[in-house]
Every structure is written in structure tokens, then in C-alpha cells.
Amino acid sequence: MADYLYTLETRLSPDQQKAVTLVLDAARAAGMNLYLTGGAVRDIITGFPIRDLDFTVQGNALKLQKDLERAGAVVGDADDETRTLLLTLPGGVRAEIAMARSERYDKPGKPPQIAPSTIIEDLRRRDFTVNAMALSLNEGSRGLLLDPFNGAADIELKVIRVLHNYAFLDDPSRLIRATRFATRFHWPLEERTQARYESGKENGYIEYIRSSSIGYEIEQLAYEEDPHGVLKAYEKEGWLKVLNPRWSTAKVDTAGLGALMKTRQQMNELGYTPEVAPLVLYFLTERLGEKDISDLRRAIPRKDLVEAWKDLDSNARSLAKRLTGKEAATPSRTWQLLSAARPEMILFLAITARQQAVAQKIKNFFTKWRQVQQKIPLPEMTELHITPQMPAYPKIANDVFLLLLDGKLRSRTETLKFLKPLAPPPPPPPPPPSGKRGRGAKAAAAAAAAASGKLGAKGKGKVAAAPAAPVAPAEVKQQVKQKDKPALAAKPVVPAKPVTAAKPAKPAAVKTSRPAKASAVKKPGKRAKTAKSAGKTKAKAKAKAKPKHKKKGK
Ligand code: ATP
Ligand code: MG
């Protein structure tokens, strides 16, 4: 089973891994067994993107709420009936933690009888075989796959298969789910499942769908990679009017949705990860009336999603106002304003802004202004010992960038003139020779000479000198990894080395040169380490020399 442990560790993003640890800690503290279930397991095995984490605990999941909130989770909904928490964990990781339960359906259209259960029983109440697997996260069995319905084989076959003949009758929302998964994965329904699906459709099972399921399925649309494609499939199958009688593909702002997906991709390439779900809902329902929109909002269980959707317009208006006011009078001030704004708001405004000035500023933020980073004279800064090791470095780099942005440093000479007074004092002279004799003394002297850079021809190659390696700024890291925190924290992102000129930007698009890549981020750490270890050598030589002096003194 080691394979799944490995897959689990390699397929989850760092934030998702942290989220797993966080939930595991909470479950452990509460003495509950924890499993990764549902789509998360399916996606780990298939290799599709893991959109959210579905956990199941053997015990009451609601008991974990306080612990998780203390650890930074935002609870979007807590369902008393199924004892399920819908959460957003730090780093914007969407998660669901459900109590392992059995469900017994006595009558079609009636809610099932729910009872706490073991994980294996819980898997029996699932919708499709590919969603009815669990991965143990518990000590002793971590990475063990529980797959009583052979979902892994159906993943190989690429089919959607129900667990039993009554699946659609018991819960008609599975008809909608079947359409959603078939559209998303381009997997057909397995033959008998298809027959049951057709029969369910003909016999109007959908009339018995529970309102809570409707809300859940509306919400799920927001997280689809191709929401418009799914919506079209729903319309064709007759499910869209179930979600809202007046909803149709004609009510969708197709151009807005297309621009959203494209611009999001471009922002991702720059290291931003805006949370697009509220924006997706906005464009999917753009031409629906107020009443229908508020009905849809009421139905959605995740309240933080609804709030974000509701606030889109007013937040965008206030950002647009600030962008046309004094606060954004210069490029540097606009840069700082946009750096502190939420990426999804910038994204939303990039698509919806009516004022040319606003659209232009956002475009500059993503394209032209980023290229100014290349004008920061990194090699010269290194020569001046203005390196990321300096506590004042972030501020200096930021100041230079902002001055360059505003055209206040017009040449390299002017930039260096600005930088020189900010350089730290030169490093202290090497310690005096220890007066030791023999091999030890020679080594100590050589180390000291090496540290001061005065290595004689004789000593060359014997002791490694510690050159002041050019180090790329640590801020690059910030650009590579953006989450829900403010965009760039008003800091310039200084490239490790000059990057090639950006392609001209397309209108309303944010395409630009890529920032320094992750590989460029790692290097500085390594180099910094080398410098550090050379420092240690120096310290060691000093320490060795000291006791001898003392002895002499005695
Ligand atoms: P996604 O990638 O869209 O999140 P998912 O399979 O994880 O896909 P969720 O809606 O997150 O879907 O639900 C999590 C899991 O809960 C499912 O995989 C499935 O096992 C179970 N589930 C959800 N809805 C139903 C349902 N109506 N009937 C049975 N099981 C369901
Ligand atoms: Mg899921």
C-alpha cells in the first residue's frame, strides 16, 4: 500500500498537505479515525486536479469545529443532520469533513434514516464506484486503500457506475451528479447505469430531489473547470430547470465567463491563485433576475461563498474608485494599491471595469510595470553587499523598484548613486594570526586568510574561500506562491537574473513575462547556505585558536 502513501504525498499541493495534517491533528486529538474519501481519492488515483478534500471521520465531525477554527479554518456550513462540516482551510483549501454514516432509504423522495457507522458501511451510501473509496490517514494503516466496490477498476475502465439498482431512485440528485462527472471526465455511464439513468429520467425521479441537494449541486457548479460545458449538459438533460426554473444557457454571460477563465490562467502563470468560484456564479447567472439570484444564493450551503458572490459588485466598485483617485495617482502608488488588493477582485475588475483608466492600470500592473524589475541592478547591488541577508534589503529593493516605476531613477548611474549610501559597512578585518605552530596553526592562518580573500598562491585550493555569491532576493518566493493573502504585499518582485523582454500584452489580458521560476528561487538558499558554512569555518578556526592563547597566558 506504500504506493498510495507516495501518491498521496506527491499529488497534494503543499497547502493541501498542510490541510491534511491539520485535520489529522484535530481528529487525533478527538480520538477519531480519519479517512480521505470521495473525489479526493478518485482524483489522487486518476491524476485529475484535486479540487477539494473530502474527509470522513468515524465519530461526530462537528466536534472538530472549534479546534479547526483555532487553526485558521473558516466554517462555511455545519450540518447537524449528517454531522458534516464544510470548511475553507488555510491556503484556501476547500474541505468537507463528514461523519461516517449509513443511510437507509425507506421511501423515494423521503430523506434517508441516518446512523453513525464504520467507514466501510459509509462507503456503501456513496453515489458511484469511483467515488466510493477511502484512503486511511491513520497510524498503522496510512495509505491503505479501502475499495469495496472496485472503484479503482472503474477508473481504469473510465466509466461511471452506480453501486446498486436503486441509486437514482434513492437520491435523484445522483442523476445530476452523473451528468456532471460524465461531462467533466468525458467518461460514459456504464451500460447498466446508463439504462437506470434513462429510466430514472423517463419516470421523473428528479421531482423527488431534496432541496438541500439542489443547493449542493448549484454550489458544485462554481468549482467546475468548465462550468459552461456542465451547464449546457444540464440544460440538455433537463436538470438546469431543476436547479432554477428560469435558468438557461441564455442567462449566462458567455463572454465574461470565457474572459474569466482565460485571465485566471494568465494570473496563475504569474503565481496568483484567485478564488474564482464567486465570479463563476456571477457570470453563470448574469442575466437572471434578482429574485432568481437570491433564490440560488439561499439554496447554497456554503455561506462564505454566497457572501463573496454578493459582495463582488460593491468591492469592485470601491477598488475602481480607489484606482481612479489620489491613492493611485502615480504608478508606484497604484502598484502598492493593487499589490494589497485581493487577486480575485483584480481579476473581476480586469473583466468588468468600464472605465478605461482602471482597465489600463490593471493591465500595466500585470505587464509593463513588472518589466521594470529588470532594471534593478542586482550584480551591482551584490558588489555593494546589498544582498537579501541584509535586514534592510526588502525595503531598499522596494524603494528602488518604486522609484524606477515612477521614472525617478532614470539611468543605471542614478540608481547606483541612490544605492551607494545604503550599502552596509565593509566586513571586519580577519583576526590576527594565532601564533600557533605546526599544521594546526597553518590551517588556522590559511582559513583566516581565505576568509579575508588574501589567499597566497601556496594556499590556493587548500581552503575553500567564501565568495560573496550573488544572491537572488527572497521576495521572488512570494510571487511564486500566492494564496488568499494580499497579492504582492506591496513588494517588488526582483528577478534573480534579467528575464527576456515580455511579449506585448493583448488588450484586457494580463499576459506578461513570467516571473523568476521556482528553480531560480531555490538557488539563493543554496548559495546563502554556502556563505553561512564558510562563516562557520571561520568561527571554528577562531574557536580553536582561543584556548591556546589562554594557555599561554597562564
Ligand atoms: P468533486 O470533484 O466535484 O468534489 P466529489 O466526488 O468529491 O467530486 P463531492 O460533491 O465533493 O463530490 O462529494 C464528496 C463525496 O460524497 C462524493 O465523492 C461521494 O462519495 C459522496 N456524495 C456526494 N453526494 C452524494 C450523493 N448524492 N449520493 C451519494 N454520495 C454522495
Ligand atoms: Mg469533492
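Description of the structure in this document. The structure presented is a predicted model; accordingly, all values stated were derived computationally and were not measured.

## With respect to the overall build of the protein
Looking only at helices and strands, the protein features 26 helices and nine strands. In the protein, the proportion of contacts linking residues at least 24 apart, taken out of those at least 6 apart, comes to 68%. Of the roughly 28300 Å² of accessible surface on the protein, 54% is carried by carbon and sulfur atoms.

## Some points on the nonpolar core
Formed by 126 residues in total, the largest nonpolar core has its most connected members in Leu36, Leu53, Phe55, Leu68 and Trp247. Apart from residues lying up to four places away in sequence, Leu53 is in contact with Leu12, Gln16, Ala19, Val20, Leu36, Ala40, Val93, Arg94, Ala95 and Glu96. Judged by nonpolar contacts, the second largest core, of five residues, contains Ile119, Leu123, Ala134 and Leu146.

## Some words on the packing of helix 15 (residues 290-299) against helix 16 (residues 303-323)
At their nearest, the axes of helix 15 and helix 16 sit 9 Å apart, and the two run at 155° to each other. In terms of their interaxial angle, helix 15 and helix 16 are classed as roughly antiparallel. Between helix 15 and helix 16, the residues in contact are Ile293, Leu296, Arg297 and Arg298 and Lys303, Val306, Trp309 and Lys310, respectively. Split into classes, the residues belonging to the contact of helix 15 with helix 16 amount to four nonpolar, no polar and four charged.

## A look at the site of ligand 1
Around ligand 1, 20 residues are found, and the nearest of them are Arg51, Asp54, Arg126, Asp171 and Arg184. Here an oxygen atom of ligand 1 sits 2.9 Å away from a polar atom, N or O, in the side chain of Arg42. In this structure, Tyr216 approaches ligand 1 through a side-chain N or O atom, which is 2.9 Å from an oxygen atom. For the shell around ligand 1, the secondary structure elements donating two or more residues are helix 3 (38-46), helix 8 (173-185) and helix 10 (211-221). Tallying contributions element by element places helix 8 first for the shell around ligand 1, with six residues. Along the lines of polarity and charge, the residues of the shell around ligand 1 split into two nonpolar, five polar and 13 charged.

## Re the side chain of Thr263
Of note, Thr263 is situated in helix 13 (residues 254-269). Here the side chain of Thr263 touches Ala259 through a polar contact of 2.6 Å, landing on its backbone oxygen.

## Overview of the environment of Pro14
Summarising the element assignment, Pro14 is placed in helix 2 (residues 14-29). Owing to a relative accessible area of 54%, Pro14 belongs among the exposed residues under this scheme.

## Description of unusual backbone geometry
Of note in the backbone geometry, Lys158 takes a positive phi value of approximately 60° without being a glycine. Inspection of the secondary structure puts Lys158 in the loop between helix 6 (151-157) and helix 7 (167-170).

Quick notes on the rules
- Residues numbered from 1 in each chain as written.
- Chains lettered and ligands numbered in written order.
- Predicted model: local features only at pLDDT ≥ 70, side-chain atom pairs only at ≥ 80, totals over all residues.
- Heavy atoms only, no water.
- Helix = DSSP H or I, 4+ residues; strand = E, 2+ residues; numbered from the N terminus.
- Contact = heavy atoms within 4.5 Å.
- Areas by Shrake-Rupley, 256 points an atom, 1.4 Å probe, with all protein chains shown as cover.
- Core = buried A, V, L, I, M, F, W, Y, C linked by side-chain atoms within 4.5 Å.
- Buried < 20%, exposed > 50% of the residue type's maximum accessible area, 1.4 Å probe, protein only.
- Axes fitted to C-alpha atoms, helices over the stretch in contact; angles between N-to-C directions.
- Parallel < 35°, antiparallel > 145°, perpendicular 65-115°, else oblique.
- Nonpolar A, V, L, I, M, F, W, Y, C, P; charged D, E, K, R; others polar.
- Near = heavy atom within 4 Å.
- Polar contact = N/O pair within 3.5 Å; in protein donor to acceptor, adjacent residues only side chain to side chain.

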